[in-house]
Amino acid sequence: MCLGSRSPANPTGCHIALVLKETPTISLLNNTNSPTHLQGGRLDLSLVSSTLAPRSTWEIHPTLTSDHHAILCSLGVTHLPKPPGPPPPRWNTKRANWGLFTITLDHHLLTLRPSPDLDSHANQITEVFQAAADTGIPNNGPPKHYHKDHWYYSPRVNETKSSLLPYHCPPPTHTDLRGKAEDMAEAFALRTSPQQLPLSTRCKQEDLHQHRAHLIHTSKNTPAETDCLFTIHELTHNYKTSTDTAPGSDWITYSMLSHAGPVAEKAFLDLLNHSWTLGRVPSQWKRAVIHPIPKQNDPNNPCSISLLSCLGKIAERMVLHRLTWSLPPPHSHIFAYIKGKGASECLSSFLSEFRGGKCPAVFIDLEKSFELACPEAILATLARRGVRGRLLCWLEDFFRDREAAVRFHGFTSSPHKHQNGTQQGSILSPTLFNALVECFLHIDLGPRI
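Residues numbered from 1 in each chain as written. Predicted model: local features only at pLDDT ≥ 70, side-chain atom pairs only at ≥ 80, totals over all residues. Heavy atoms only, no water.

(A) Just the pairing of strand 7 (residues 402-408), in detail. Most of strand 7 sits out of view: 7 of its 7 residues are buried. Where burial is concerned, the two faces of strand 7 agree: the one with Arg402, Ala404, Val406 and Phe408 and the one with Glu403, Ala405 and Arg407 are both buried. Here 4 bridges tie strand 5 (residues 287-293) to strand 7, and the two strands are oriented parallel to one another. Counted as the bridge partner of Ala288 is Ala404 from strand 7. Looking at chain direction, strand 7 and strand 9 (residues 416-418) are connected through 3 bridges and run antiparallel. Counted as the bridge partner of Ala404 is His416 from strand 9. Bridge analysis of strand 7 against strand 8 (residues 411-412) gives 2 bridges, and the strand direction is antiparallel. Each residue of the ladder has a partner; that of Arg407, found in strand 8, is Thr412. Count of turn residues in the strand 7/strand 8 antiparallel hairpin: 2 residues, of which His409 carries a positive phi of about 50°. (Buried < 20%, exposed > 50% of the residue type's maximum accessible area, 1.4 Å probe, protein only. Helix = DSSP H or I, 4+ residues; strand = E, 2+ residues; numbered from the N terminus. Pairing = 2+ DSSP bridges.)

This is the structure in structure tokens:
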């Protein structure tokens, strides 16, 4: 063995060559009869995965040498697949020039002529924020420092290594990522379909439809104290000032909104009051981006994390304050999604009811309760509990034509409509769901229950 020196038998090289023969995934390219050093020295080994070994050649350079020969390795791989492109750039808010961002934002807003169409008006505000972010906030680009071996850790080498991955890695779980994103988006939309409900439930909903529709229509046309326009005080009070969370499809973060000046606050308030006056919600506020999270025991039925527009969530928070003011206090036996209440309060209340005696308990798990909650039933419940006027109009449109796309491994599906349910990730959803669940507490179960 002539690995690393001109001696006819190099014990270290012989041992390594023997070990590599017993390793099925790695192959040694060196020609054991061709020394790599002139006067001995360290081992120069060229290793390659076994799947690439048949396409690989190894030789020493005939003239390029010093104390050891230069080694030429070639991989006979044609038509390398193009590696996936980089993710879309994101604004690095930690390095933002907030002064420049605010000045640019004010400049664009002062020359803006709001569109009378609500969706166009919302798009104008979004585009202005994005233009100001492009000016005052840098993107997350490649690192400025260079590795000491930058000749190897270069973008060109990384691209080649990425192209070779399919040849020596196990096949991917999903070969068509875009198609998988579409399949999951369709599956999430199917969860909200009325066809998921039992036939008896759908028949009952049809029987109650006319009564509920009349109740909702009457309540919408009844004036209420909450019909007044929103004020700047309500807007500033509901701004989220904590750390950023993942933004929606518009990429506008809470930190951008918190650094917007008075001009931007006035422009956003005008948009919100435009929405409130029409009793409609801008389409982009009703569009969610779902990130699927696989379950450990059921990977084919993933959980969903919905990302919504931060502008829309601030508007929902403002509407929520008026909604909670309009509704009576929640029932004392409602413990979910209420500040200051939780599982411990629920358990202590339950134990205090039977005071040490024997009492049977029934625990009910409502499958897909959030996804299949009937919007018409929720609105009728709110109307019976005193919600009137523009507030009910806005909430009715809040449920209408909701869409969600799935983002999976960098690919985003087309949006799919969701027919039922309260939107996961929405500020209003817990309160609306509680209003519906509270109806269970008024069901007559007999004198002994």
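(B) Focus on the nonpolar core. Ranked by internal contacts, the top residues of the largest apolar core, which has 60 residues, are Phe101, Leu105, Phe129, Leu323, Leu382, Leu395 and Leu428. Contributions of two or more residues to this core are made by helix 2 (98-110), helix 3 (118-136), helix 8 (254-258), helix 9 (262-278), helix 10 (310-326), helix 13 (375-384), helix 14 (389-399) and helix 15 (429-437). Ignoring anything within four residues of it in the chain, the contact list for Phe101 reads Phe129, Ala132, Ala133, Gly136, Ile137 and Met256. (Core = buried A, V, L, I, M, F, W, Y, C linked by side-chain atoms within 4.5 Å. Contact = heavy atoms within 4.5 Å.)

(C) Spatial organisation of helix 3. Counted at 1.5 Å a residue, the expected span for helix 3 with its 19 residues is 27 Å, and the 27 Å between its end C-alpha atoms agrees. For helix 3, the complete set of buried residues consists of Leu118, His121, Ala122, Gln124, Ile125, Thr126, Val128, Phe129, Ala132, Ala133 and Gly136. The N-terminus of helix 3 is capped by Asp117, whose side-chain oxygen sits 3.4 Å from the backbone nitrogen of Asp119. (Expected span 1.5 Å × (residues − 1). Polar contact = N/O pair within 3.5 Å; in protein donor to acceptor, adjacent residues only side chain to side chain.)

(D) Representation of the packing of helix 9 against helix 14 in the model. At a minimum axis distance of 8 Å, the contact between helix 9 and helix 14 shows a crossing angle of 95°. As far as their axial angle goes, helix 14 and helix 9 are roughly perpendicular. The segment helix 9 lies against helix 14, with Ser275, Trp276 and Thr277 engaging Arg390, Leu391 and Trp394. For the contact of helix 9 with helix 14, a count of residues per class yields 3 nonpolar, 2 polar and 1 charged. (Axes fitted to C-alpha atoms, helices over the stretch in contact; angles between N-to-C directions. Parallel < 35°, antiparallel > 145°, perpendicular 65-115°, else oblique. Nonpolar A, V, L, I, M, F, W, Y, C, P; charged D, E, K, R; others polar.)

(E) Inspection of the side chain of Arg212 at higher detail. Relative to the helices and strands, Arg212 is located in helix 6 (residues 199-220). Although Arg212 is buried, it makes no salt bridge; Glu376 carries the closest opposite charge, 4.4 Å away. In contact with Arg212, not counting residues within four places along its chain, are Gln205, Cys374, Glu376, Ala377 and Ala380. (Lys, Arg positive; Asp, Glu negative; His and termini not counted. Salt bridge = Lys/Arg side-chain N within 4 Å of Asp/Glu carboxyl O.)

(F) Representation of the pattern of salt bridges in the model. Tallying each qualifying case throughout the model produces 11 salt bridges. The salt bridge partner of Arg322 is Glu234, with a shortest N-O separation of 2.9 Å. Remark: Glu234 occurs in helix 7 (residues 232-237) and Arg322 occurs in helix 10; sequence separation between them is 88 residues. Just as Arg322 is buried, Glu234 falls in that class too. A salt bridge links Arg400 to Asp397, with the shortest nitrogen-to-oxygen separation between them at 2.8 Å. Classification of Arg400 by relative accessible area gives partly exposed; the value is 39%. Each of the salt bridges in this network shares a partner with another, and the network as a whole consists of Lys220, Lys286, Glu396, Asp397 and Arg400.

(G) Quick look at the packing of aromatic side chains. All told, the structure shown has 9 aromatic pairs when counted by the stated rule. Taken together, a centroid distance of 6.5 Å and an interplanar angle of 45° make the contact between Phe101 and Phe129 tilted. Of this pair, Phe101 sits in helix 2 while Phe129 sits in helix 3, and the two are 28 residues apart along the sequence. Per residue, the accessibility class of Phe101 equals that of Phe129, and both read buried. Between Phe268 and Trp285 the ring centres are 6.3 Å apart and the planes differ by 65°, which places this aromatic pair in the edge-to-face class. With a gap of 17 residues between them, Phe268 in helix 9 and Trp285 in the loop between helix 9 and strand 5 connect regions that are remote in the sequence. Comparing Phe268 with Trp285, the two get one shared label, buried. (Phe/Tyr/Trp six-rings, centres within 6.5 Å; stacked < 30°, edge-to-face > 60°.)

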